[in-house]
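# Notes for the structure review
Single-letter residue listing:
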Amino acid sequence: MTHIDAGSELDPVHPVPVPAARRTEGLSASEVAERVARGEVNDVPVRSSRSVGEIVRANVFTRFNAIIGVLWLIMLVVAPFQDSLFGYVIIANTGIGIIQEWRAKKTLDSLAVIGEARPTVRRDGVAAEVSTSEIVLGDLIEIGPGDKVVVDGDCAEADGLEIDESLLTGEADPVVKHAGDPVMSGSFVVAGTGAFTATKVGREAYAAQLAEEASRFTLVHSELRSGISTILKYVTWMMIPTALGLIVSQLVVKQHGFKDSVARTVGGIVPMVPEGLVLLTSVAFAIGVIRLGRKQCLVQELPAIEGLARIDTVCLDKTGTLTEGGMDVTELRPLKGNDESYLRKVLGALGDSDPRPNASLQAIIAAYPDSEEWRCVQSLPFSSARKYSGAGFSEGNGESSTWLLGAPDVLLPDGDPALAETELLNEAGLRVLLLARTTKDLDDPDAARTARPAALVVLEQRLRPDAADTLRYFADQDVKAKVISGDNAVSVGAVAGKLGLTGEVVDARRLPDEPAELARSLEEGTVFGRVTPQQKRDMVGALQSRGHTVAMTGDGVNDVLALKDADIGVSMGSGSEATRAVAQIVLLNNSFSTLPSVVGEGRRVIGNITRVATLFLVKTVYSVLLAVLVVCWQVEYPFLPRHLTLLSTLTIGIPAFFLALAPNKERALPHFVRRVMRYSIPGGVVAGVATFVTYLIARHHYTGEGSLEAETSAATLTLFLISMWVLAIIARPYTWWRICLVASMGGAFLLVLVVPKLQHFFALKLVGATMPWIAVLISVVAAAVLEFLWRWVDRRVPA
């Protein structure tokens, strides 16, 4: 079929002529060069991650690094090298954090380039894709269904162009655009085609700052991180008065000597700081991004890993998620005696009339070649809200006709015999379109109501081979799957049934509008068909109103509103530009089977950080308690920094790193702060009291020169054994590597106690046999109390 009208000319890129309405050539190469030289370029950086400078600053300039840095400098001046080891540990930890985030940045940036939008720009009459940063002021940018408007402009061409501006204005209804109308960056095309001239680029564009902020790789708005921030705030409040009391106690009251008093004061302050907790959280998230990146999964916001681990409901769009994008025409069924050969010509002409065909029309184009004699004189693009498309033709023999192609249950009245035939095909999981002829103009509201059915076009959808396994995974994990589709409900239900998903099938046109009633219907149903884009959004909101954490998957423009409102939006890489822009997670390989990996990664991060946070905060609690007891009893602080550096490294630092990165399939649970503190407080209190009791007994047991070192050694043994028991509890359930981890930490401490050089380096030497065995006995009692308390907490204190 040719589209030759008076005044049309050939497009240099395409072999077919371009209508007069589309012959604007855009800027010339020299005009583009002039604008680039003047700086009139869309230079808003596509920021998918923090810069290297921001990563370094975020890891180095922290509140606790500042505190420990000052204490470290003091210790370098007044104490032996081994008492300043904690400073080198902080440097190593910070370095690890920077390296891991930098690796995550590289992974994310490389994936972001793959998923980056590339708008089509017409220059010198040639249409070509460019990156958003190459657009200049005055460029002519072509747009079609699913395309995001990347800069502000004025509409130059419009062919049934409808643009959704809801992400900017909140207005849900698409806006019909005509030549001369303004278009705003951040909106997206839902129907029709057109082109617009860029009038504002770079940071002047309406949504530039919003887009830059939304696409940034961020660590904020996460329950996990906000919970840790809350804990650190409380720790700071406890730490300041306790540290002041310790300073007064050790420097003013005891007066043992300035350097020794300073060393013991610092030894009491340093362990109060859970500095490694923030580091491990960042490292765990960063490694999660790297792992998912290897599976071609782009995490546009870090908390998305955590969020998907918390979901209990996933809403799935059928097309592109459960089924592959492509379809095949399996049958053409003429109705009411229409000639099949003639209908084939109609379908071929309809396919050629749409410059941006959807998956259904692409299948028709592949099955029915265009007729050269037919000429398109009018076209109506497909719309999700309308459920049909259409075109008017001059047939070459002087005859004219207007045709519609869309959903049979929308175009046909109730009770039409063709609907019964359609129902049978839908029950077999086939998709059916109705070809109908109308006597009205396409823009006439009665065009659909006066349509006369001509044929049923039967399409077969290709099921994703991985969809059934993924749905089974969600069922095993107690995550409810809801299939929400714009297609016929019976057809969608048949597809879901083939994938093993059973449940009530509902036609969304019969769903109540009242939110509470809608939520109740959604709880009962599993498959929903004939859902409008606005209904998808309402359904997500209704499920959230029932307390559900909802993920939404999709790839088409009709999914954008729901993706934006869902707790986690997941888009396919081959999906429309608009869906990729609003989704937190983009599956670049278009594989639905990647979702379990994302869920698993989130559960690993949350479960493991909850585990290791308990280790860190037990140390904080017993450090504060020991400092308070020392001030109250007016005795020397029992530990030097080197002792607590050794204990922290063996019972927290090294084990926490391995535990934080270990596999973990536990379902993520809410109330992170409460869950951590209900174990940390009793654990820290038991450890602090038992250690101080050992210290007081040792003060009575040892006398004379060297007694303080002997008392410290006994107290250190008690604290190490109790801390090891806390680690042993946290490491459950045991696997071979967890047992080896705990045993190797115990072996390392034993090595320090038996090797003379290490004894001297860490100032640890057990004197006699009585006091060490008393220390062991107290540790055994404390371990038994710990076991009892933690079991009691599990039963009596809700998470």
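The text that follows walks through the structure, step by step, so that each part is easy to find. All of these numbers come straight from a predicted model, not from anything done at the bench.

## Here we look at the overall build of the chain
Broken down by element type, the chain carries 27 helices and 23 strands. In terms of principal-axis extent, the alpha carbons of the chain reach across some 120 × 60 × 40 Å. Sorting the 799 residues of the chain into buried and exposed places 56% on the buried side. Taking contacts inside the chain between residues at least 6 apart in sequence as the whole, the part at least 24 apart equals 73%. A total accessible area of about 32,800 Å² is found for the chain, and carbon and sulfur atoms account for 59% of it.

## Quick word on the nonpolar core
The nonpolar side chains of soluble globular proteins are, as a tendency, buried together. Within the largest apolar cluster, 125 residues are counted, with the highest numbers of intra-cluster contacts made by Leu 308, Ile 585, Phe 592, Ile 609 and Phe 749. Ranked by residue count, the leading element in this core is helix α21 (residues 595-633), at 17 residues. If we ignore the near neighbours within four places in the chain, the residues touching Leu 308 are Ala 551, Ile 568, Ile 585, Leu 595, Val 598 and Val 599.

## As for the pairing of strand β9 (residues 188-200)
Among the 13 residues in β9, ten count as buried, and that is most of the element. Note: strand β5 (residues 140-143) against β9, four bridges, orientation antiparallel. What sits directly across from Leu 140, in β9, is Thr 197. Sheet topology note: the strand β6 (residues 152-164)/β9 ladder contains ten bridges and is antiparallel. Within β9, the position partnered with Asp 154 by the bridge is Thr 197.

## Examining unusual backbone geometry
Here Arg 732 and Pro 733 are connected by a cis peptide whose omega angle stands at -5°. Following the sequence through the fold, Pro 733 ends up in the loop between α24 (707-730) and α25 (736-754). For Asp 478, which is not glycine, the phi torsion reads 60° and is therefore positive. Tracing the sequence through the fold places Asp 478 in the loop between α15 (467-476) and β18 (480-484). The class of Asp 478 is exposed, set by a relative accessible area of 55%. In this model, Ala 763 sits at a positive phi of 55°, which is unusual for a non-glycine residue. Along the polypeptide, Ala 763 turns up in the loop between α26 (756-762) and α27 (770-796). For Ala 763, a relative accessible area of 12% translates into the label buried.

## What to know about a nonpolar patch on the surface
On the surface, Ile 240, Leu 244, Ile 247, Val 248, Leu 251, Val 252 and Phe 258 cluster together into a nonpolar patch covering about 630 Å² of accessible area. Among the elements that make up the nonpolar patch, the one with the highest residue count is helix α7 (residues 223-254) (six residues). Note that Val 252 resides in helix α7.

## Remarks on α24
With 24 residues, α24 ought to run about 34 Å at 1.5 Å a step, and its terminal C-alpha atoms sit 35 Å apart, in line with that. Of all 24 residues in α24, 20 are buried; the element is thus mostly enclosed.

## Observations concerning the sheet that holds strand β23 (residues 585-587)
In space, the eight strands of this open sheet follow the order β10-β23-β22-β21-β11-β18-β20-β19, with mixed pairing throughout. The outermost strands of the open sheet, each flanked by one partner alone, are β10 (297-299) and β19 (504-507). On average, each strand axis in the sheet is inclined to that of its neighbour by 20°, with strand direction left out of account. Contacts from helix α17 (residues 515-524) reach β18, β19 and β20 (525-529) within the one sheet, and its direction differs from that of β20 by about 110°.

Rules used in this analysis
- Residues numbered from 1 in each chain as written.
- Predicted model: local features only at pLDDT ≥ 70, side-chain atom pairs only at ≥ 80, totals over all residues.
- Heavy atoms only, no water.
- Helix = DSSP H or I, 4+ residues; strand = E, 2+ residues; numbered from the N terminus.
- Buried < 20%, exposed > 50% of the residue type's maximum accessible area, 1.4 Å probe, protein only.
- Contact = heavy atoms within 4.5 Å.
- Areas by Shrake-Rupley, 256 points an atom, 1.4 Å probe, with all protein chains shown as cover.
- Core = buried A, V, L, I, M, F, W, Y, C linked by side-chain atoms within 4.5 Å.
- Pairing = 2+ DSSP bridges.
- Patch = residues over 30% accessible without salt bridge, like charges linked within 9 Å, V, L, I, M, F, W, Y side chains within 5 Å.
- Salt bridge = Lys/Arg side-chain N within 4 Å of Asp/Glu carboxyl O.
- Expected span 1.5 Å × (residues − 1).
- Axes fitted to C-alpha atoms, helices over the stretch in contact; angles between N-to-C directions.

No statement about biological role is implied by the geometric values presented.
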